[in-house]
Amino acid sequence: MSALSSLAILALAAPAALLGASHLKTRKLAREARDLVPPIGQFCATPQGRIHYIDIGPRQAQPLVLIHGLSGQLQHFTYALADRLAEDHRVIVLDRPGCGYSTRASDAMARLPEQAKALLAVLQSLEVKQPVLVGHSLGGAVALAMALAAPEQVAGLALLAPLTHPAAQGPEAFKGLIVHNNMMRRLMAQTVAIPTAQRTAGPVLNQIFAPETCPDDFLIKAGGALGLRPESFVAASADASFLYPAIETQAARYAAQLSTPGAILFGAEDAILDPLTQGKVMETYGLDCQILPQRGHMLPITAPQPCEDFIRATVKALAKES
């Protein structure tokens with residue numbers, strides 16, 4: 001049993017004094033996180049919630065929409081990649097619904113079709129036409145959901161280590177996030193989850209970045225500190241808990257309904273998602289998959305130059321096809 005997977009039992013059985021102390025520590029850690037990593041963008045109101053985003057680069061250039069993964073925030077892209085692309089692209093980087101400084105109306109909005117609906121509404125509000133969607137990890141699944149929901153509105157896909165199919169065994173680092181009871185999810189978020197996340201951050205980040213190394217400035221420059229807030233645990237837990245059967249249903253639609261062109265980039269040594277069963281398998285549906293040797297899962301942070309080259313090459317190829 002993982003550290004987080006036993007939290008529901010602890011939250012039910014712990015004495016009130018222990019839960020009270022955990023709640024106070026949670027509030028302290030959350031205040032510090034918000035001070036360390038304040039919002040850096042603008043907000044767009046949608047019926048599904050308020051979305052935090054940045055919009056940089058030339059207005060009339062090809063738009064790119066960058067969508068982060070599980071337990072992430074838009075700083076995963078502003079860390080090293082967004083500014084490079086914004087030299088000659090319009091770049092919109094979003095906090096997914098409920099993540100970072102975005103909100104969502106309910107936990108059920110964690111379902112892939114609901115996240116897709118919210119982000120498509122933002123793009124419509126911003127008058128973003130025919131974007132190329134750049135989704136990382138779970139953000140890749142959301143990008144695919146957007147392409148399935150509105151293929152006429154999406155020019156293409158440039159996916160980085162995307163989740164595309166159900167995984168036989170999910171990553172150990174994320175198993176403890178699965179909590180199917182909404183009230184228990186919130187009780188854990190306000191008490192034991194955040195102190196536990198602080199204690200286990202080192203080993204979890206090591207697994208997520210393996211075989212590469214988590215950079216020393218990850219907590220601030222990449223926004224990692226934002227994970228030490230109750231709302232971040234609630235969002236990540238809901239994302240993980242509502243992933244099934246949505247990803248199974250989505251994957252079953254690719255053969256008949258996925259018409260959006262594009263490509264995929266994976267790290268050969270990815271410890272979170274398998275490059276073959278999540279990446280190469282998508283070549284059946286027209287998405288060429290490139291695999292980088294000696295690279296792991298967190299490509300936007302650890303491999304910004306290869307990511308930039310891949311995205312630019314994908315955009316160029318899409319322009320030739322159109």
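Placed above this text is the structure.
The rules behind the values
Residues numbered from 1 in each chain as written. Predicted model: local features only at pLDDT ≥ 70, side-chain atom pairs only at ≥ 80, totals over all residues. Heavy atoms only, no water. Buried < 20%, exposed > 50% of the residue type's maximum accessible area, 1.4 Å probe, protein only. Helix = DSSP H or I, 4+ residues; strand = E, 2+ residues; numbered from the N terminus. Pairing = 2+ DSSP bridges. Core = buried A, V, L, I, M, F, W, Y, C linked by side-chain atoms within 4.5 Å. Contact = heavy atoms within 4.5 Å. Axes fitted to C-alpha atoms, helices over the stretch in contact; angles between N-to-C directions. Parallel < 35°, antiparallel > 145°, perpendicular 65-115°, else oblique. Nonpolar A, V, L, I, M, F, W, Y, C, P; charged D, E, K, R; others polar. Arc of directions from axis to C-beta.

Student: Can you walk me through the pairing of strand E3 (residues 63–67) in this structure?
Tutor: Looking along a regular strand, one sees the side chains alternate between the two faces of the sheet. Taken across its five residues, E3 has five buried, putting it largely inside the fold. Both faces of E3 are covered, namely the face carrying Pro63, Val65 and Ile67 and the face carrying Leu64 and Leu66. Looking at chain direction, E3 and strand E4 (residues 90–94) are connected through five bridges and run parallel. Within E4, the residue paired with isoleucine 67 across the bridge is leucine 94. Pairing analysis gives four bridges linking E3 to strand E5 (residues 132–135), with the strands arranged parallel. Residue pairing across strands places leucine 64 opposite valine 132, the latter belonging to E5.

Student: I'm lost on the nonpolar core in this one. Help?
Tutor: A general tendency of soluble globular proteins is for nonpolar side chains to be buried together. Leu66, Leu94, Leu112, Met146 and Ile311 are the most contacted members of the largest nonpolar core, which has 93 residues in total. Excluding residues that lie within four positions of it along the chain, leucine 66 makes contacts with Phe77, Ala82, Leu85, Val91, Ile92, Val93, Leu94 and Val134. Val37, Tyr101, Ala225 and Leu226 belong to the second largest nonpolar core, which has five residues in total.

Student: So what exactly am I meant to see when it comes to the packing of helix H5 (residues 112–125) against helix H6 (residues 138–149) here?
Tutor: In a packed pair of helices, the relevant descriptors are the angle between the two axes and the axis-to-axis distance. Where H5 meets H6, the axes come as close as 8 Å, and the angle between the chain directions of the two elements is 70°. By the angle between their axes, H5 is roughly perpendicular relative to H6. In this structure, H5 uses Leu112, Gln115, Ala116, Leu119, Leu120 and Leu123 to contact H6, whose residues at the interface are Leu138, Ala141, Val142, Ala145, Met146 and Ala149. Here the contact of H5 with H6 is built from residues that sort into 11 nonpolar, one polar and no charged.

Student: Just to check I follow, could you spell out helix H12 (residues 243–251) for this structure?
Tutor: Given 3.6 residues per turn, any residue in an α-helix points the same way as the ones three and four places further on. By the burial criterion, the buried members of H12 are Leu243, Ala246, Ile247, Gln250 and Ala251. The arc that holds every buried residue of H12, seen down its axis, measures 125°, which confines them to one face.

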